[in-house]
Amino acid sequence: MKLRKVTAASAAVLALAVGATACGSSDNNSSSSSSGGGKIKIGIKYDQPGLGLKEPNGSFSGFDVDVATYVAGKLGYKPSQIEFVETKSADRENALQRGDVKFIVASYSITDERKQKVDFAGPYFLAHQDLLVKQDSKITKGTDLNGKKLCSVTGSTSAQKIVKIAPKVNLKENSGYSECVSSLQSGAVDALTTDDSILAGYASQAQYKGQFKLLGLKLSNENYGIGVKKGDTATVNKINDALKSMVSDGTWKKDVDKNFGPAKYKYEPAPKIGVIVQ
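Remember, predicted model here, so these are calculated numbers, not experimental data.

**Focus on the sheet that holds strand E13 (residues 222–229)**
Part 1 of the reasoning: Spatially, E5-E1-E6-E13-E7 is the arrangement adopted by the five strands of the open sheet, whose pairing is mixed. Both outer strands of the open sheet, strand E5 (82–86) and strand E7 (118–127), are each paired with one neighbouring strand and no more.
Part 2 of the reasoning: Pairing between strand E6 (residues 103–104) and E13: two bridges, direction antiparallel. Note on E13: the bridge partner recorded for Ile104 is Gly227.
Part 3 of the reasoning: Together, strand E1 (40–44), E5, E6, E7 and E13 form the strand contacts of helix H2 (residues 63–74), whose direction differs from that of E5 by roughly 140°.

**Topic: the packing of aromatic side chains**
Two descriptors summarise a pair of aromatic rings, namely the distance from one centre to the other and the angle between the planes of the rings.
Part 1 of the reasoning: With the rule as written, the count across this model stands at 16 aromatic pairs.
Part 2 of the reasoning: Consider the rings of Tyr46 and Phe60, whose centres lie 5.3 Å apart with planes at 50°: the pair is tilted. A residue pair is termed long-range when its members are at least 10 positions apart, and Tyr46 in the loop between E1 and strand E2 (47–48) and Phe60 in strand E4 (residues 60–61) qualify at 14 residues.
Part 3 of the reasoning: With 4.9 Å between their ring centres and 70° between their planes, Tyr108 and Phe120 make a pair best called edge-to-face. With Tyr108 in the loop between E6 and helix H4 (112–115) and Phe120 in strand E7, this residue pair connects regions lying twelve residues apart in the sequence.
Part 4 of the reasoning: Taken together, the ring pairs connect Phe63, Tyr124, Phe125, Tyr224, Trp252, Phe260, Tyr265 and Tyr267 into an aromatic cluster.

**Let's talk about the confidence of the model for the chain**
Part 1 of the reasoning: The predicted model of the chain has a mean per-residue pLDDT of 88, with 87% of residues at 70 or higher.
Part 2 of the reasoning: Here residues 1–26 is a poorly scored stretch, pLDDT under 50, and it has one contact once near neighbours within four places are set aside; other chains count.
Part 3 of the reasoning: Counting interchain partners and residues more than four positions distant, the pLDDT-below-50 stretch residues 31–35 has twelve contacts.

**Quick look at the side chain of Thr193**
Part 1 of the reasoning: One can find Thr193 in strand E11 (residues 191–195).
Part 2 of the reasoning: By relative accessible area, Thr193 is classed as buried at 0%.
Part 3 of the reasoning: A polar side-chain atom of Thr193 sits 3.0 Å from a polar atom in the side chain of Gln129.
Part 4 of the reasoning: Other than its neighbours up to four places away in sequence, Thr193 contacts Gln129, Asp130, Leu131, Leu150, Cys151, Ser152, Ser158, Ala159, Ile162 and Tyr177.

**Description of the sheet that holds E4**
Part 1 of the reasoning: If you trace the three strands from one edge of the open sheet to the other, you get E2-E3-E4, paired in antiparallel fashion. The open sheet has two free edges, formed respectively by E2 and E4, since each of these has just one partner strand.
Part 2 of the reasoning: Here strand E3 (residues 52–54) runs beside E4; their pairing, made up of two bridges, is antiparallel. When the sheet's bridge partners are listed, Leu53 is paired in E4 with Ser61.

**Digging into the pattern of salt bridges**
Part 1 of the reasoning: Here the structure, examined in full by the defined rule, presents eleven salt bridges.
Part 2 of the reasoning: Across the pair Glu93 and Arg114 runs a salt bridge, and its minimum N-O distance is 3.8 Å. Of the two residues, Glu93 is situated in helix H3 (residues 92–98) and Arg114 in helix H4; the sequence distance between them amounts to 21 residues.
Part 3 of the reasoning: Among the ionic pairs, Lys141 bridges to Asp144, the shortest N-O distance being 3.1 Å.

**Some thoughts on helix H6 (residues 177–186)**
Part 1 of the reasoning: For H6, the set of buried residues is Tyr177, Cys180, Val181, Ser183 and Leu184. Taken down its axis, H6 places every buried residue within 160° of arc, on the same side.
Part 2 of the reasoning: Residues of H6 that are buried sit in contact with strand E8 (129–134), strand E9 (149–153), strand E10 (170–174), E11, helix H7 (196–203) and strand E12 (212–214).
Part 3 of the reasoning: The positive-phi residue at the C-terminal boundary of H6 is Gly187, with phi of around 95°.

**Observations regarding helix H8 (residues 233–248)**
Part 1 of the reasoning: With 16 residues, H8 should cover 22 Å at 1.5 Å per step; its first-to-last C-alpha distance of 23 Å lies within 8% of that length.
Part 2 of the reasoning: Summarising the contacts, the buried residues of H8 are in contact with H2, E6, E7, E13 and helix H9 (251–260).
Part 3 of the reasoning: At the exit of H8 stands Gly250, carrying a positive phi of roughly 90°.

**Observations concerning unusual backbone geometry**
Part 1 of the reasoning: Of the consecutive residues Gly122 and Pro123, the connecting peptide bond is found in the cis state with omega at 10°.
Part 2 of the reasoning: Its location among the elements puts Pro123 in strand E7.
Part 3 of the reasoning: Within the chain, Lys218 stands out as a residue other than glycine whose phi angle is a positive 50°.
Part 4 of the reasoning: Although it is not a glycine, Lys264 adopts a positive phi angle of roughly 55°.
Part 5 of the reasoning: Locating Lys264 in the fold gives a position in the segment after H9.

**Structural notes on the side chain of Asp195**
Part 1 of the reasoning: By secondary structure assignment, the location of Asp195 is in strand E11.
Part 2 of the reasoning: An unpaired buried charge is present at Asp195: no salt bridge exists, and Arg114, the closest side chain of opposite charge, is 8.1 Å distant.
Part 3 of the reasoning: Those residues within four positions of Asp195 in sequence are excluded, and the remaining contacts are Ala127, His128, Gln129, Glu222 and Tyr224.

The rules behind each value
Residues numbered from 1 in each chain as written. Predicted model: local features only at pLDDT ≥ 70, side-chain atom pairs only at ≥ 80, totals over all residues. Heavy atoms only, no water. Pairing = 2+ DSSP bridges. Helix = DSSP H or I, 4+ residues; strand = E, 2+ residues; numbered from the N terminus. Contact = heavy atoms within 4.5 Å. Axes fitted to C-alpha atoms, helices over the stretch in contact; angles between N-to-C directions. Phe/Tyr/Trp six-rings, centres within 6.5 Å; stacked < 30°, edge-to-face > 60°. pLDDT = per-residue confidence, 0-100. Buried < 20%, exposed > 50% of the residue type's maximum accessible area, 1.4 Å probe, protein only. Polar contact = N/O pair within 3.5 Å; in protein donor to acceptor, adjacent residues only side chain to side chain. Salt bridge = Lys/Arg side-chain N within 4 Å of Asp/Glu carboxyl O. Arc of directions from axis to C-beta. Expected span 1.5 Å × (residues − 1). Lys, Arg positive; Asp, Glu negative; His and termini not counted.

Take a look at the structure:
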């Protein structure tokens, strides 16, 4: 009889332990809702001024950061409950598949190839490939780069597109865009190419204010979406609802102007959810 009592007690303890484990086994990217004091992990870039930048004091700034914060708020999370995780371009799909983050807001262009691996909410922004030049530059179109020096990052598809337009361009590749901007400022190169939103972010930095201009060439369409783990339709729908609210209440425009305004960036109107511009 004594043995039966011990066994029953052990079973009760085991049941409680299993129950506690089950309650704590949710995805590590969002431990619980805000009402329970949990956190949410969101992927962003750390090195893109105007979009996603980790400041020297550890805070974060940029339009993608503002979008992520707004969306998280609509999902029930306060800013203090957000953990921003650096997600570099090459690791974005893996980060979602592993469950490292709940979603990613990181100048993440929606493409058919990527949609095979992840789902997208949005788009929330339409960018274009462009050229950044000095204010007094006489370059006005892609063909003007023949015989000129163009900077881009190693392996950039943007640079290859310019090479097709201006076969005699002298391509200078660096490991990052910040090096290209410094080269443009010093006169070591004549132009820099990538998405106009990224270029506008760099041009908006205090140390470069008024020195550069975007040409507005619209050499490609880049539909920025919010990446979500494949099959998580519920989260996609919630994020889309949040994005619609962000546009309708004026927050979207306010945040775009705040982050890109100093560059005099002629950005596109907020795109319609689910509409991809080819």
